[in-house]
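# Tertiary structure, described
Chain residues, written in single-letter form:
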Amino acid sequence: MKIITSIEEMKKWSRLTRSRGKTIGFVATMGCLHEGHLSLIKTSIAKCDTTAVSIFVNPTQFSPNEDFDSYPKCIESDKQILQTTGTDILFNPNQKDLYPEKFQTFVTVEDKTNYLCGTSRPRFFRGVTTIVLKLINITDPHIAYFGEKDWQQLEVIRTMVHDLNMDVSIVGKPIVRDKDGLAMSSRNCNLSKSEKNSARVLSQALESAQALVIQGERSVENIRTEIRKTIEQKQGTKIDYISVCDPESFTEQTEINSKVLVALAVRIGSTRLIDNRIIGKI
């Protein structure tokens, strides 16, 4: 595995790889790699001739009161993990190169960023779309892989790629969970043992919602009430949002007559976690 920190060197590698007729797969991460990341990387390695993985904790998607400074960073262990996967390139750029002095250009996707995480994290999606556009421009992949745990983020990126006529395919892959159902997340390492136990209530709430729909429940109000009851029975939980919405536009629904996205954001202690599930008729 080659480690590249220079933007120009990364571009040079991509140009050379493309000139040789090889397909490039790309996985953008903020590090602290887990099985969710590895599932994306393994898919890229299986489907593409070469795979590049980026590690960069992006400051522009964090608001001043969020956890940028405490976001888990473990670059040395991440390098060791990537060495075992067969990854070709680790792109680990510097913040000053990606955001030089007087940087003032951002990319914004309208409408669908006004819901869910866009409501409680107003700077989040502008930062995500900007850094993803920059990383795709630099690595120039044929295919970029993203996890479905950040479902809204995945849809926002797909919209950006479509609207800006970007020459890259965006592929989403299913959520990876531990044996007890907790969705893999870099933030999980900030949870204590008791908090991790409480965090499993997110997947349990999603399962209860799906069970209700299977039993014939169609009222979103009733489903949201059941989800809230399930989550609040666990000590140390604070709900940010419970959404039952259209999976593409993210507009809230009142009845389930087709497939919907049930999306949750919950604080477990000081750690904010998200999870989701598609339920209803497909």
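Here's a quick rundown of the structure. Residue indices follow the written sequence of each chain, beginning from 1 at its first position. Only residues with pLDDT of at least 70 are given local features in this predicted model, and only at 80 or more are side-chain atom pairs given and counted; all residues enter the totals for whole chains, interfaces and linings. Excluding hydrogens and water, the side-chain values take into account all heavy atoms of the structure.

### Some details on the overall build of the chain
Applied cut-off: Helix numbering and strand numbering both begin at the N terminus, where a helix is a DSSP run of H or I of at least 4 residues and a strand a DSSP run of E of at least 2. Both definitions apply: the radius of gyration is a C-alpha atom measure, and the globule rule equals 2.2 Å times residues to the power 0.38. Residue exposure (1.4 Å probe, protein chains only): buried if accessible area is under 20% of the type maximum, exposed if over 50%, otherwise partly exposed. What makes two residues a contact is simply this: any of their non-hydrogen atoms within 4.5 Å. Working definition of accessibility: Shrake-Rupley area with a 1.4 Å probe, residue cover restricted to the visible protein chains. His is not counted, nor are the chain ends; Lys and Arg add positive charge and Asp and Glu add negative charge. Taken as the charge centre is NZ of Lys, CZ of Arg, CG of Asp or CD of Glu, depending on the residue.
Counting its regular elements, the chain contains 10 helices and nine strands. The C-alpha radius of gyration computed for the chain amounts to 19 Å, which stays within 12% of the reference 19 Å derived for 282 residues, consistent with globular compactness. A principal-axis box enclosing the C-alpha atoms of the chain has dimensions of 55 × 40 × 40 Å. Here the chain, with 282 residues, has 50% of them falling under the buried criterion. Sequence-distant contacts, at least 24 apart, represent 72% of the contacts inside the chain between residues at least 6 apart. Surface exposure of the chain reaches about 13800 Å², of which carbon and sulfur atoms provide 46%. Across the chain, 38 positive and 34 negative side-chain charges occur, with their mean positions spaced 4 Å apart.

### What about the pattern of salt bridges?
Spelled out, the test is: A carboxyl oxygen of Asp or Glu within 4 Å of a side-chain nitrogen of Lys or Arg is what we treat as a salt bridge.
For the coordinates displayed, the defined rule picks out 15 salt bridges. Salt-bridge contacts for glutamate 76 lead to lysine 79; the nearest nitrogen and oxygen are separated by 3.5 Å. Of this pair, glutamate 76 and lysine 79 both sit in helix H3 (residues 75-85), three residues apart, which is roughly one turn of the helix. Two residues, glutamate 155 and arginine 158, come together in a salt bridge whose shortest N-O distance is 3.0 Å. Of the two residues, glutamate 155 and arginine 158 both sit in helix H7 (residues 151-163), three residues apart, roughly one turn of that helix. On the basis of relative accessibility, which here comes to 31%, the residue arginine 158 falls in the partly exposed class.

### Some thoughts on the packing of helix H6 (residues 124-139) against H7
Think of two packed helices as two axes; the pair is described by the angle between the axes and how far apart they sit. The test is simple: To obtain each axis, a line is fitted to C-alpha atoms, and for helices this fit is confined to the stretch in contact; angles are then taken between N-to-C directions over 0 to 180 degrees. Angles are sorted into four bins: roughly parallel if under 35 degrees, roughly antiparallel if over 145, roughly perpendicular if 65 to 115, and oblique for all others. A crossing counts as left-handed when the near helix is turned anticlockwise from the far one by less than a right angle, and as right-handed when that turn is clockwise. Note that Gly is not counted as nonpolar here; it falls among the polar residues with everything else outside the nonpolar set of Ala, Val, Leu, Ile, Met, Phe, Trp, Tyr, Cys and Pro and the charged set of Asp, Glu, Lys and Arg.
As a packed pair, H6 and H7 sit with axes 10 Å apart at the nearest point and diverge in direction by 55°. In terms of axis orientation, H6 runs oblique to H7. In this structure, the crossing between H6 and H7 has a hand that is right-handed. Counted together, Phe124, Phe125, Val128, Thr129, Val132 and Leu133 of H6 and Gln152, Gln153, Val156, Ile157 and Met160 of H7 form the full contact between these two elements. Residue composition of the contact of H6 with H7, by class: eight nonpolar, three polar and no charged.

### A word on empty space enclosed by the protein
Note the cut-off: Think of a 1 Å grid over just the protein atoms. A cavity is a set of points where a 1.4 Å probe fits yet cannot get out, a pocket is an open set with protein on both sides within 12 Å along at least five of seven lines, and lining residues have an atom within 4 Å of a point. Grid points are joined across faces, edges and corners, and a volume is the space filled by probe spheres set on the points.
Inspection of the entire model under this criterion finds two cavities of 30 Å³ or more. What the second largest cavity holds in volume is close to 70 Å³. In this structure, the second largest cavity is lined by Lys149, Leu182, Ala183, Ser185, Asn188, Ala199, Leu202, Ser203, Leu273, Ile274 and Asp275. Contributing elements (two or more residues each) for the lining of the second largest cavity: helix H9 (201-214) and strand S9 (271-279). Broken down by class, the residue content of the lining of the second largest cavity amounts to six nonpolar, three polar and two charged.

### A closer look at the sheet that holds strand S8 (residues 260-268)
What counts, and what does not: By definition, two strands form a pair when at least two bridges between them are found by DSSP.
Strand order in the open sheet formed by three strands is S7-S8-S9, with antiparallel pairing between adjacent strands. Unpaired on one side and paired on the other, strand S7 (237-245) and S9 mark the two borders of the sheet. In this sheet, neighbouring strand axes are inclined to one another by 15° on average, regardless of whether the strands run parallel or antiparallel. Sheet strands in contact with helix H10 (residues 220-232) are S7 and S8, and its direction is about 155° off that of S7.

### Quick word on the layout of surface pockets
Any empty space left between atoms is shown by rolling a water-sized probe over those atoms. There is about 340 Å³ of room inside the largest pocket. Lining the largest pocket are 17 residues, with Glu66, Asp67, Arg267, Ser270 and Arg272 sitting closest to its centre. For the lining of the largest pocket, the secondary structure elements donating two or more residues are S7 and S9. A total of three residues in the lining of the largest pocket trace back to one element, the largest contributor, which is S7. Residue composition of the lining of the largest pocket, grouped by class: two nonpolar, seven polar and eight charged. If you add up the space inside the second largest pocket, you get close to 200 Å³. Around the second largest pocket sit 14 residues that line it, and Ile55, Phe56, Val57, Lys73 and Asn92 are the ones nearest its centre. Across the lining of the second largest pocket, the residue classes tally to 10 nonpolar, two polar and two charged.

### Brief notes about the side chain of threonine 29
The condition is simple: Side-chain atoms alone can form a polar contact between residues adjacent in sequence; in general such a contact is a pair of N or O atoms within 3.5 Å, and within protein one must be able to donate a hydrogen while the other accepts it.
Position of threonine 29 relative to the elements: it lies in strand S2 (residues 24-29). Here the side chain of threonine 29 touches serine 54 through a polar contact of 2.8 Å, landing on its backbone oxygen. If we ignore the near neighbours within four places in the chain, the residues touching threonine 29 are His37, Val53, Ser54, Ile55 and Phe56.

### Looking at H3
Every α-helix carries 3.6 residues per turn, so stepping three or four residues along brings you back to the same face. To keep things clear, this is the line we draw: Summarising the geometry, the arc corresponds to the directions from the helix axis toward the C-beta atoms.
Those residues of H3 lying buried are Asp78, Leu82 and Thr85. Mapping the buried residues of H3 onto a view down its axis gives an arc of 50°, with all of them on the same face. Opposite the buried face of H3, at more than 90 degrees from it, the exposed residues are Gln80 and Thr84. In this fold, the buried residues of H3 make contact with helix H2 (35-47), strand S3 (50-55) and strand S4 (89-91).

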